Amino acid sequence: EAQVTQNPRYLITVTGKKLTVTCSQNMNHEYMSWYRQDPGLGLRQIYYSMNVEVTDKGDVPEGYKVSRKEKRNFPLILESPSPNQTSLYFCATSRSGGREAFFGQGTRLTVV
Amino acid sequence: QQQVKQSPQSLIVQKGGISIINCAYENTAFDYFPWYQQFPGKGPALLIAIRPDVSEKKEGRFTISFNKSAKQFSLHIMDSQPGDSATYFCAASNRETSGSRLTFGEGTQLTVNP
């Protein structure tokens, strides 16, 4: 079954404590992205990756890091989380030249 | 700055009615306009999409209308059903960035009352 798997699904953490949200896909897609979803703002792209070792900033990259060492994995790293990063996060993938994005189930992060 | 603006923010429709959600975009380089549907606790999923060389696309009860000169597009849900209750996002992308860079609207929470 084609899947985009995010972990954890829910996370409550404290300000400044480094955390990583993992994303893994089994569709052999080249493109992977991270979005955050906030009420009234829709989905905003944080970072994206066109392929292994190729990443670029999206619209709201501040406070986030990513890496793409393997094709299937695209972790999102918050080095020093702050309360304004409390949000619902989605990982998405698409194939090279493809238009459809496939989303994970989401990770709800609360930073207190 | 929101490059794709969506309205309304929320919409309540009676079963059997027509739901209409509107979007406007600014970037004329956009050449692909999908709509995503999101149920609570799930990620968004592609519902229907249109390219700017056609003015309308229909799939079952869902229709996209596209007005290139006005830089607007809309989603019409005919015979709306309670199972259509979800959040709907319009989006846009261009050939260069393909599916890796979608610009989304703010979202519309649709409630269809039985």
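Predicted model only: the values in this text are computed from it and were never measured.

Looking at the overall build of chain B
Right, on to step 1. In terms of regular secondary structure, chain B is built from zero helices and 11 strands.
Right, on to step 2. Sequence-ordered secondary structure for chain B, helices as α and strands as β, is β-β-β-β-β-β-β-β-β-β-β.
Right, on to step 3. Here the C-alpha radius of gyration of chain B, 13 Å, is about what a compact globule of 114 residues would show, namely 13 Å.
Right, on to step 4. By principal-axis analysis of the C-alpha atoms, chain B measures approximately 45 × 30 × 25 Å.
Right, on to step 5. Summing over all exposed atoms, chain B offers an accessible surface of approximately 5400 Å²; the carbon and sulfur share of this is 47%.

Overview of the sheet that holds strand β8 (residues 76–78) of chain A
Residue and element names in this part refer to chain A.
Right, on to step 1. Ordered by their spatial adjacency, four strands build an open sheet running β1-β3-β8-β7, and the pairing between neighbours is antiparallel. Each edge of the sheet is formed by a strand with only one pairing partner; in this case those strands are β1 (4–7) and β7 (65–66).
Right, on to step 2. For β1 and strand β3 (residues 19–25), the ladder comprises four bridges, and the chain directions are antiparallel. Residue pairing for β3: Val-4 is matched across the bridge by Gln-25.

Quick word on the pairing of strand β4 (residues 31–38) of chain A
Residue and element names in this part refer to chain A.
Right, on to step 1. Of all eight residues that make up β4, eight are buried, and the element is covered over most of its length.
Right, on to step 2. Of the two faces of β4, the one carrying Tyr-31, Ser-33, Tyr-35 and Gln-37 and the one carrying Met-32, Trp-34, Arg-36 and Asp-38 are both buried.
Right, on to step 3. Where β4 and strand β9 (residues 87–94) come together, seven bridges link them in antiparallel fashion. Considered in β9, the bridge of Trp-34 is made with Cys-91.
Right, on to step 4. Bridge count for β4 against strand β5 (residues 42–51) is seven bridges, and the pairing is antiparallel.

A short note on the interface of chain B and chain A
Right, on to step 1. Counting residues at the interface gives 25 residues for chain B, matched by 25 residues for chain A.
Right, on to step 2. Carbon and sulfur atoms make up 47% of the area that chain B and chain A hide from each other, which totals about 2000 Å².
Right, on to step 3. Remark: the boundary between chain B and chain A carries two salt bridges.
Right, on to step 4. The interface formed by chain B and chain A holds nine residue pairs in polar contact (both at pLDDT 80 or more) in total.
Right, on to step 5. Its residues assigned to classes, the side of chain B that touches chain A shows seven nonpolar, 12 polar and six charged.

Focus: the state of the cysteines
Right, on to step 1. For the structure shown, the criterion picks out two disulfides over all chains.
Right, on to step 2. Across a sulfur-sulfur distance of 1.9 Å, Cys-23 of chain A and Cys-91 of chain A are joined as a disulfide pair. As the torsion about the S-S bond is roughly -70 degrees, the Cys-23 of chain A-Cys-91 of chain A disulfide counts as left-handed. Highlighted residues: Cys-23 of chain A in strand β3 and Cys-91 of chain A in strand β9, separated in sequence by 68 residues.
Right, on to step 3. Under the relative-accessibility criterion, Cys-23 of chain A is labelled buried at 2%.
Right, on to step 4. For Cys-23 of chain B, the disulfide goes to Cys-90 of chain B, at an S-S distance of 1.8 Å. Measuring the twist about the S-S bond at about -95 degrees, one finds the Cys-23 of chain B-Cys-90 of chain B disulfide to be left-handed.

Digging into the nonpolar core
All names here are of chain B.
Right, on to step 1. If you look at the biggest cluster of nonpolar residues, it comprises 24 residues, and the most contacted ones within it are Phe-33, Trp-35, Phe-73, Leu-75 and Tyr-88.
Right, on to step 2. Residue assignment for this core shows that the elements contributing at least two residues are β2 (10–14), β3 (19–25), β4 (33–38), β5 (45–50), β7 (62–67), β8 (72–77), β9 (86–92) and β11 (108–113).
Right, on to step 3. Sorting elements by how many residues they give to this core places β9 first, with four residues.
Right, on to step 4. In contact with Phe-33, not counting residues within four places along its chain, are Tyr-25, Ile-48, Ala-49, Ile-50, Pro-52, Ile-64, Phe-66, Phe-73, Ala-91 and Ala-92.

Quick notes on a nonpolar patch on the surface
Residue and element names in this part refer to chain A.
Right, on to step 1. A cluster of nonpolar side chains, namely Ile-12, Val-14 and Val-112, defines an oily patch on the protein surface of about 310 Å² accessible area.
Right, on to step 2. You can see Ile-12 is positioned in strand β2 (residues 10–13).
Right, on to step 3. Using a relative accessible area of 67% as the deciding quantity, one classes Ile-12 as exposed.

What counts and how
- Residues numbered from 1 in each chain as written.
- Chains lettered and ligands numbered in written order.
- Predicted model: local features only at pLDDT ≥ 70, side-chain atom pairs only at ≥ 80, totals over all residues.
- Heavy atoms only, no water.
- Helix = DSSP H or I, 4+ residues; strand = E, 2+ residues; numbered from the N terminus.
- Rg over C-alpha atoms; globule rule 2.2 N^0.38 Å.
- Areas by Shrake-Rupley, 256 points an atom, 1.4 Å probe, with all protein chains shown as cover.
- Pairing = 2+ DSSP bridges.
- Buried < 20%, exposed > 50% of the residue type's maximum accessible area, 1.4 Å probe, protein only.
- Contact = heavy atoms within 4.5 Å.
- Buried area = accessible area lost by both parts, 1.4 Å probe.
- Salt bridge = Lys/Arg side-chain N within 4 Å of Asp/Glu carboxyl O.
- Polar contact = N/O pair within 3.5 Å; in protein donor to acceptor, adjacent residues only side chain to side chain.
- Nonpolar A, V, L, I, M, F, W, Y, C, P; charged D, E, K, R; others polar.
- Disulfide = S-S within 2.5 Å.
- Core = buried A, V, L, I, M, F, W, Y, C linked by side-chain atoms within 4.5 Å.
- Patch = residues over 30% accessible without salt bridge, like charges linked within 9 Å, V, L, I, M, F, W, Y side chains within 5 Å.

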